[in-house]
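Survey of secondary and tertiary structure
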Amino acid sequence: MPIVCGIKFRGSGKVYYFAPGECDDLRIGDHVIVETARGREMGQVASESHEVSEADIVGQLKPILRKATTSDLLDAQRYRHLEAEAMETCKEQVARCGLPMKLVNAEYSYDGSRLTFFFTSEQRVDFRELVRELAHIFRVRIELRQIGVRDEAKSVGGIGKCGRPLCCATWLNEFCAVSIRMAKQQDLPLSPMEISGLCGRLLCCLGYENDYY
């Protein structure tokens, strides 16, 4: 069975498997540099090296390249402090281009080589001109990623109807399907205001106890 190490990334509680390679002394909480489909990224060890079945591996198992250095961590912190300014600049360009999109977040890669903007929109957006302008301004690789309203709530965070921080922003790794039928089975009020979350979609917690009904 393959030996893997569980890695989680900023803004996501989901754990991804990577091959530890020569990094056999990793401990939970260590920061590492890994190879991903989007390029090199910094992640944090969520589970130490262990065996898993082949069925648990999705796609090609990519490697952990090395432990993050003090310089990597300082760079990541420095670029994180620039993200708010990058957001404001991008908002200005979006307004100038007249694009129907709402910016949610900006995220630099740990080394500043890539800047990703996350946005929501009710329609497809042709943002090619925007990407060219942003690349000219920031002089780094620019990515724009359209996300859904549930992902927006996960990114922004907030307090739910229960008075606790949103599940999606704290511990919920994946969004499960929920339906109005679940609310009916649990004899809950069917008013959209009562059973919808901050994202405007049905509450994720409708599915927590549904199997008992």
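As shown above, the structure is provided for reference.
Throughout this document, residue positions are counted from 1 along each chain, in the order its sequence is written. Note on the predicted model: pLDDT of at least 70 is required for a residue's local features to be given, and 80 or more for side-chain atom pairs to be given and counted; whole-chain, interface and lining totals, by contrast, use all residues. With hydrogens and water stripped out, all remaining heavy atoms of the structure feed into the side-chain values.

In summary, the pairing rule links any two rings of Phe, Tyr or Trp, Trp by its six-membered ring, whose centres are within 6.5 Å, and it sorts them by plane angle into stacked for under 30 degrees, edge-to-face for over 60 and tilted for everything else. What the rule picks out here adds up to six aromatic pairs. Residues Phe-9 and Tyr-16 carry aromatic rings whose centres are separated by 5.9 Å and whose planes lie at 55° to one another, so their mutual orientation is tilted. With a 1.4 Å probe rolled over the protein chains alone, any residue whose accessible area is under 20% of its type maximum counts as buried; one over 50% counts as exposed, and the rest are partly exposed. In this structure Tyr-16 comes out as partly exposed when scored by relative accessible area, which is 35%. The interplanar angle of 40° and the centroid separation of 5.2 Å between the aromatic rings of Tyr-79 and Tyr-108 together place this pair among those described as tilted. With a gap of 29 residues between them, Tyr-79 in helix H1 (residues 70-81) and Tyr-108 in strand E6 (residues 102-108) connect regions that are remote in the sequence. Assessed through its relative accessible area of 16%, Tyr-79 is described here as buried. Members of the aromatic cluster, joined through ring pairs, are Phe-9, Tyr-16 and Phe-18. Stacked on the ring of Tyr-79, the Lys or Arg Arg-78 has its end atom at 4.6 Å from the ring centre. The secondary structure listing takes helices from DSSP runs of H or I that are at least 4 residues long and strands from runs of E that are at least 2 residues long, numbered from the N terminus. A positively charged side chain is recorded as over a ring if its NZ (Lys) or CZ (Arg) lies within 6 Å of the ring centre. The angle to the ring normal must also be within 35 degrees.

Moving on: the sheet that holds strand E5 (residues 64-67). For two strands to pair, DSSP has to find at least two bridges joining them. Read across the open sheet, the five strands follow the order E2-E1-E4-E3-E5; overall the sheet is antiparallel. The open sheet has two edge strands, strand E2 (15-18) and E5, and neither has a second partner. Averaged over all adjacent pairs, the angle separating strand axes in this sheet is 45°, with direction ignored. Strand direction decides the pairing type here: strand E1 (residues 3-8) and E2, joined by four bridges, are antiparallel. Looking across to E2, one finds that Lys-8 is bridged to Val-15. The sheet contacts of H1 involve strand E3 (31-36), strand E4 (39-51) and E5, and relative to E4 the element is tilted by about 125°. A fitted line through C-alpha atoms serves as each axis, taken over the contacting stretch for helices, and the angle formed by two N-to-C directions is quoted from 0 to 180°. Working rule for contacts: check all heavy atoms of both residues, and any pair within 4.5 Å makes them a contact.

With that out of the way, let us pick up helix H3 (residues 128-138). Of the residues making up H3, those classed as buried are Leu-130, Leu-134 and Phe-138. Angularly, the buried residues of H3 cover 50° about the axis, an arc narrow enough to put them on a single face. Exposed residues pointing more than 90 degrees away from the buried face of H3 are listed as Arg-128 and Arg-132. A positive phi of about 60° marks Arg-139, the residue just after H3. In this description, the arc belongs to the directions extending from the helix axis to the C-beta atoms.

The next point concerns the nonpolar core. For the purposes of this section, nonpolar cores are sets of buried Ala, Val, Leu, Ile, Met, Phe, Trp, Tyr and Cys residues that join through side-chain atoms within 4.5 Å. In terms of nonpolar packing, the biggest core is built from 20 residues, with Met-101, Leu-115, Phe-117 and Phe-138 touching the most fellow members. If you list the elements that add at least two residues to this core, you get helix H2 (83-97), E6, strand E7 (114-120), H3 and strand E8 (141-146). When residues in this core are grouped by element, the largest group, four residues, is from H2. Those residues in contact with Met-101, other than ones at most four positions away along the chain, are Val-94, Phe-119, Thr-120, Ser-121, Val-125, Leu-130 and Leu-144. Phe-9, Phe-18, Leu-26 and Val-34 belong to the second largest nonpolar core, which has 10 residues in total.

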